[in-house]
Structure formats: C-alpha cells, structure tokens
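Close look at the chain arrangement
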Amino acid sequence: MKVQKVTGYVGATISEVDLATCDDADTYRYIYRVLLENAVVFFRDQELSIERYLEFGRRFGELIRNNSPVIRTMADHPELEIIRKEADAISNIGDEWHTDQSHRPDPCMGTILYAVEVPSHGGDTLFANTAAAYDSLPDDLKQAVRGLRAVHSPEYLLRQTAERTGDPDKLFGSTRATSRPTTHPVVRVHPETGRKVLYVNPAYTENFEGQTPEQSQPLLQRLFSHVQRPEHYCRFRWRKGSLAFWDNRQAWHYAVNDYHGSAREMRRLIVRAPAHEPLAQAV
Ligand code: SIN
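Throughout what follows, the structure given in this document is the object of discussion. Residue positions are counted from 1 within each chain, in the order its sequence is given. Only residues with pLDDT of at least 70 get local features here, since the model is predicted, and only at 80 or more are side-chain atom pairs given and counted; chain-wide, interface and lining totals rely on the full set of residues. Each side-chain value is derived from all of the structure's non-hydrogen atoms; neither hydrogens nor water enter the calculation.

Observations concerning the pairing of strand 9 (residues 149–152)
In this scheme, strands are said to pair when DSSP sees at least two bridges between them. In this description a helix means any DSSP run of H or I spanning at least four residues, a strand means any run of E spanning at least two, and both kinds are numbered starting from the N terminus. Pairing of strand 9 with strand 10 (residues 182–185), which is carried by four bridges, proceeds in the antiparallel orientation. If you follow His152 over to strand 10, its bridge partner there is Thr182. Examined bridge by bridge, strand 9 and strand 13 (residues 205–208) share three bridges and lie antiparallel to one another. By the bridge assignment for strand 13, His152 is matched with Thr205.

A closer look at the environment of Gly123
Along the chain, Gly123 falls in the loop between strand 7 (110–117) and strand 8 (125–129). A C-alpha to C-alpha distance of 10 Å links Gly123 and Glu265, two positions 142 residues apart in sequence. Residue contacts for Gly123: discarding those within four places in its chain leaves Trp238, Val256, Asp258, Tyr259 and Arg264. Every residue pair with non-hydrogen atoms within 4.5 Å of one another is taken to be in contact.

Here we look at helix 1 (residues 25–38)
Every helix has an expected span of 1.5 Å times one less than the residues it contains. End to end, helix 1 covers 20 Å across 14 residues, agreeing with the expected 20 Å (1.5 Å per residue, within 8%). Between buried and exposed lies partly exposed: a residue is buried under 20% and exposed over 50% of the maximum accessible area for its type, with that area taken using a 1.4 Å probe on protein chains only. Buried residues of helix 1: Thr27, Tyr28, Ile31, Tyr32, Val34, Leu35, Leu36 and Asn38, and no others. Buried residues in helix 1 make contact with strand 1 (2–5), strand 2 (12–15), strand 3 (40–43), helix 2 (50–58) and strand 15 (243–247). Positive backbone phi, approximately 75 degrees, marks Ala39, located one or two places after helix 1.

Structural notes on the nonpolar core
The biggest cluster of nonpolar side chains holds 31 residues, and the ones touching the most others in it are Leu19, Phe43, Phe56, Phe60, Leu243 and Phe245. Sorting the residues of this core by element identifies strand 2, helix 1, strand 3, helix 2, strand 6 (77–85), strand 7, strand 15 and strand 17 (264–271) as the ones contributing at least two each. Excluding residues within four positions of it along the chain, Phe56 makes contact with Leu19, Tyr28, Phe43, Ile112, Leu243 and Phe245. One finds Tyr134, Val145, Val200 and Val227 within the second-largest nonpolar core, a separate group that totals 22 residues. Throughout this description, the term nonpolar core refers to a set of buried Ala, Val, Leu, Ile, Met, Phe, Trp, Tyr and Cys residues connected via side-chain atoms within 4.5 Å.

Notes on a nonpolar patch on the surface
Each patch is built from salt-bridge-free residues with over 30% relative accessible area, joining like charges within 9 Å and nonpolar side chains (Val, Leu, Ile, Met, Phe, Trp, Tyr) within 5 Å. For every accessible area listed, the method is Shrake-Rupley and the probe measures 1.4 Å; residues are considered covered only by the protein chains on display. By definition, a salt bridge exists where a carboxyl oxygen of Asp or Glu is found within 4 Å of a side-chain nitrogen of Lys or Arg. Taken together, the side chains of Met1, Val3 and Tyr30 define a hydrophobic patch exposed on the protein surface, amounting to about 220 Å² of accessible area. Here Met1 lies in the segment before strand 1. Look at Met1 and you get partly exposed, because its relative accessible area is 38%.

Notes on the site of the ligand
Around the ligand sit Ile93, Gly94, His98, Leu113, Thr125, His253, Ala255, Arg264 and Arg268, and that is every residue in its neighbourhood. Here an oxygen atom of the ligand and a side-chain polar atom of Arg264 are 2.8 Å apart. Any N or O atom pair separated by 3.5 Å or less is treated as a polar contact, with the protein-specific requirement of one donor-capable and one acceptor-capable atom, and with residues adjacent in sequence counted only for side-chain atom pairs. The separation between an oxygen atom of the ligand and a polar side-chain atom of Arg268 is 2.8 Å. For the ligand, whose free accessible area comes to 260 Å², the fraction covered by protein is 99%. Counting only elements with at least two residues in the shell around the ligand, the list comes to strand 16 (251–255) and strand 17. Looking at the shell around the ligand residue by residue, the classes come out as three nonpolar, four polar and two charged. Residues are counted as near a molecule or strand when any one of their heavy atoms sits within 4 Å of it. As a working rule, the residues Ala, Val, Leu, Ile, Met, Phe, Trp, Tyr, Cys and Pro are called nonpolar, Asp, Glu, Lys and Arg charged, and the rest polar, with Gly in that last group.

What to know about the pattern of salt bridges
Tallying each qualifying case throughout the model produces 24 salt bridges. Of the charged contacts, one joins Glu155 and Arg159 as a salt bridge, the two residues approaching to 3.1 Å between their closest N and O atoms. Here Glu155 pairs with Arg159, and both are found in helix 5 (residues 154–165), just four residues apart, close to one helical turn. The partly exposed category is assigned to Glu155, whose relative accessible area is 38%. Exposure remark for Arg159: the relative accessible area of 33% places this residue in the partly exposed category. In this structure, the salt-bridge partner of Arg249 is Asp247, at a minimum N-O distance of 2.9 Å. You can call Arg249 buried: its relative accessible area is 4%.

A look at the sheet that holds strand 13
In spatial order, the strands read 10-9-13; together these three strands make up an open sheet with antiparallel pairing. Edge positions in the open sheet fall to strand 10 and strand 13, since each of these has one partner strand only. If you compare each strand with its neighbour and ignore which way they point, the axes differ by 35 degrees on average. All axes here are fitted lines through C-alpha atoms, helices being fitted over the stretch that makes contact, and every angle between N-to-C directions spans 0 to 180 degrees.

Below you can see the structure in the form of structure tokens.
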C-alpha cells in the first residue's frame, strides 16, 4: 500500500490496495491512521459491489441512516444513500462548506462517498482541514473564540439554500420540521488525535450561543475566511470508481455544483463514531 499526500495539510491518496478483496484488519487500521493524520483519504479505480462497499464502511464503525426524506436509499440497504443529480437538475446536495450532521448533538464520525457516475468535467469535492485551520489562527482569534459555543441550525441551512437556489422546497422542504438546532463548542479537541479543531461551518452556524446573528457574524466570517485559505483545503477530481472517506470531526467539505447538463451519482455511507469515543471537550 502506498500513501501520497495531496497537499501539505489535507488529504492523502492511498494506492496499491484492492478494497474489493482486502480482508486484512491491519490494513484497515492503517487506513484509519492515515485518515486521522490527513482528515480525508482517497482511493482510485475501486470496483466495489454493494455488499463489499457496506463491509468497507462497517470496518470503521456502525453505519447509520440520515433519515432524510429527500435522499434516496438503496433498496434493501437503507444505510446506503444515493446522492444523484440528474442532467436536467439545477440544485445539488452539499454546495456550501459544511460538516456533516453538525446540527445534531452527536454528529457522525465519518462519511464515505463512492463514485458510480461522474460528469466529464466538474463535480469536484473540496475538503478543508479544520485542525490545521485552528493551528494557524492568529492569536487574537484564538483568544476571541476561547470558551465560546456556537449554534448549529438546520433551519439556517435551509434558509441559505433558499436564497442561493431560489427553490429550496424542491430539494429540502420536507426536512424543514425534522430537527432542531444544537450547540457545540467553537473549539473542540479531536477525541483521537488530541488536536484542537475549529467546529463551526458556514452551512449550519449562524450565531454564537447568547449572541444574535448580527453580533456573531463578523467573527464567524473571519473564522470561515480563515478556514477557506488555500493552504487548508484540497480539491478532489472524481473518476468512476473513486472513493473518498473523510473525518467529520476535523474536516469541512463542499460539493461543487458546476456540471449542469450531466448526471452525477455517488453512493454515500455515514459512519457513526465508535462507541468507545470520549466526548469531545470544550477548551
Ligand atoms: C455531501 O455533502 O455529502 C456530498 C458531497 C459530494 O457529493 O461531493
């Protein structure tokens, strides 16, 4: 197995491993270690049956359903989501920087995406490392966020989507009433690497706890701009058979919606944090 870093701070491509046949537990432990070190790992040219793909996901934790009424799941496999954009569709899923499930009190550990149909160009996914972003925060910002908690709201995501696409109900309307906001510390300690991470994101975070959006936005926007510095993110170009696995505890991602006229289909698995994981602490 070969590991090649994608950029200085985020992403590693793992090659010379066939996930369709590899059953060696040490190999999967090593993949997980590379994930922890790089926030996201990529594989190319994998030919995975549905069963084999599910098995890959289960090696890293329990697979859970998102319970979104607007995301299709594979027949007989409700934990396997189909993220498809048709050639004539306008909106996609995920075209804002976000961390999966940050609006939940117990967000998932990881997400895995496997490409089954890709456009000839466009449709890349961007990944940012929020631990590297915390490390490089100027001292005044580190001071400013100390002890703060932020509100993560699904309603805010929907409102922003409405403004961006002009047609939110088509994609997201039926999820409107399904979840409530939650709060998380702005700086959390990654439970396995021990690194501090910035845990706010533009899709879900509108304000700090105890502050209005107007009071919160100037500082939030500075944090968001900082995470989006080119040093902190990489861009993944999909091919059929590519697989990405990211650690939501230390990564943002963004699905670029620039391939109108072509279809794109991904199979997605959501991996819950291992049961033994200690709660992330506030600092
Ligand atoms: C997502 O936000 O989970 C979708 C990412 C993608 O389709 O690239």
